Amino acid sequence: LSAWLGLGEDEIGRLPLPDNTGVAAKVFSALAANNVNLDMIIQNVAEGGVTDISFTTPGADLGRAQETLARVVPEIGGREFIVDEDIAKVSLVGTGMKSSPGVASRAFQTLGDNNINIVAISTSPIRLSVIVDAAQAAQAVQCLHTAFGLDSDDLFVETQLSAEEIAAKMKKGR
C-alpha cells in the first residue's frame, strides 16, 4: 500500500445534466474531441430528472474543458457548472486493497480526525482516491502514511505533464 499526491489538477464539479440516455456520451465525446484529458469521473444518483457529474482534468486542459462545456452543456439542456482550481488528489494504492476490509474506513476516519474534508471519492480494486483542498494535500498524505504504517520523509508527487514534457523527460532518461 502506498499513499501519493496528484498536483496540477482542477475539478469541474456539479455539472447538472438531464438524466437521459446518451447525455454523458455527448459531453465526454466533445471533451475528447477538444483534447481534454480526464481523470476522476463521478456521477451521482439522479434526482428529479437531473444528475450531477464531476470530473478532474489537468490544469493545462482546464481552458479547453471550460470552452467545451460552455458550448455543449446548453445544447443538451444542462445547467451552469462549477470549477474548483484549488484541489489535489490523494490516493492509496495497493494490490491487496480489494482483499483488505477497512481500508476506506481507516482512510476516511484518519482524514476526518485531521480535519481534512473530502470533496470527492473514487475507487477501483487497487486504488482509493479522494479530492481534498490543495492546501491540505501534503498533510493528508502524511497522516495517511502514519495511519497505514508507511511513514517516510518523502512524498510521491504526480504532476500532470504534457505529452511533450513527458517525451523530453524520457529523452533525458528521467
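Conventions used here
- Residues numbered from 1 in each chain as written.
- Predicted model: local features only at pLDDT ≥ 70, side-chain atom pairs only at ≥ 80, totals over all residues.
- Heavy atoms only, no water.
- Helix = DSSP H or I, 4+ residues; strand = E, 2+ residues; numbered from the N terminus.
- Buried < 20%, exposed > 50% of the residue type's maximum accessible area, 1.4 Å probe, protein only.
- Contact = heavy atoms within 4.5 Å.
- Polar contact = N/O pair within 3.5 Å; in protein donor to acceptor, adjacent residues only side chain to side chain.
- Salt bridge = Lys/Arg side-chain N within 4 Å of Asp/Glu carboxyl O.
- Phe/Tyr/Trp six-rings, centres within 6.5 Å; stacked < 30°, edge-to-face > 60°.
- Axes fitted to C-alpha atoms, helices over the stretch in contact; angles between N-to-C directions.
- Parallel < 35°, antiparallel > 145°, perpendicular 65-115°, else oblique.
- Left-handed = near helix turned anticlockwise from the far one by under 90°.
- Nonpolar A, V, L, I, M, F, W, Y, C, P; charged D, E, K, R; others polar.
- Pairing = 2+ DSSP bridges.
- pLDDT = per-residue confidence, 0-100.

As a further point, take the overall build of the protein chain. A tally of regular secondary structure across the protein chain gives five helices and nine strands. Along the protein chain, helices and strands appear, N-terminal first, in the series β-β-α-β-β-α-β-β-α-β-β-α-β-α. Buried residues in the protein chain amount to 37% of all 174 residues. Partitioning the contacts of the protein chain with sequence separation of at least 6, the portion at a separation of at least 24 is 74%.

Before going further, it helps to spend a moment on unusual backbone geometry. Of note in this structure, Asn35 is not a glycine but carries a positive phi near 55 degrees. Relative to the assigned elements, Asn35 resides in the loop between α1 (23-33) and β3 (41-43).

What follows concerns the side chain of Ser91. Inspection of the secondary structure assignment puts Ser91 in strand β6 (residues 87-93). Polar contacts involving the side chain of Ser91 include one to the side chain of Ser129, which spans 2.6 Å.

Turning our attention to the pattern of salt bridges. Here the structure, examined in full by the defined rule, presents three salt bridges. Here Lys89 and Asp39 are joined by a salt bridge, their closest N and O atoms 2.2 Å apart. You can see Lys89 sitting in strand β6 and its partner Asp39 sitting in the loop between α1 and β3, a full 50 residues away along the chain. Classification of Lys89 by relative accessible area gives buried; the value is 2%. Asp39 sits in the partly exposed class, given a relative accessible area of 33%. For Glu67, the salt bridge identified is with Arg71, shortest N-O distance 3.6 Å.

Turning to the environment of Leu144, a few remarks are in order. Relative to the elements of secondary structure, Leu144 occurs in helix α4 (residues 137-147). Separated by 33 residues in sequence, Leu144 and Leu111 have C-alpha atoms that sit 7.5 Å apart.

Moving on, we get to the packing of aromatic side chains. Taken as a whole, this structure holds one aromatic pair when the rule is applied. Pairing Phe28 with Phe55 gives two aromatic rings, centres 5.7 Å apart and planes at 70 degrees, and the pair type is edge-to-face. Of this pair, Phe28 sits in helix α1 while Phe55 sits in strand β4 (residues 50-58), placing them 27 residues apart in sequence. The pair Phe28 / Phe55 is uniform in exposure class, with both members buried.

Following both chains from N to C, one finds helix α3 (residues 103-113) and α4 inclined at 130 degrees, their axes separated by 10 Å at the closest point. Compared by their axis directions, α3 and α4 come out oblique. Two packed elements cross with a definite hand, and for α3 against α4 that hand is right-handed. Mapping the contact onto sequence places Arg106, Ala107, Thr110 and Leu111 in α3 and Ala140, Cys143, Leu144 and Ala147 in α4. Within the contact of α3 with α4, the residues separate by chemical class into six nonpolar, one polar and one charged.

Turning our eyes to something else, we now look at the pairing of β4. Extensive coverage of β4 is indicated by the burial of seven of its nine residues. As paired elements, β3 and β4 share three bridges and run antiparallel to each other. Opposite Ile42, over in β4, you have Ser54 as the bridge partner.

Another aspect to go through is the confidence of the model for the protein chain. The share of residues in the protein chain with pLDDT of 70 or more is 82%, and the mean pLDDT across the chain is 84. When mean pLDDT is compared element by element in the protein chain, α3 scores highest at 96, while strand β9 (residues 156-159) scores lowest at 52.

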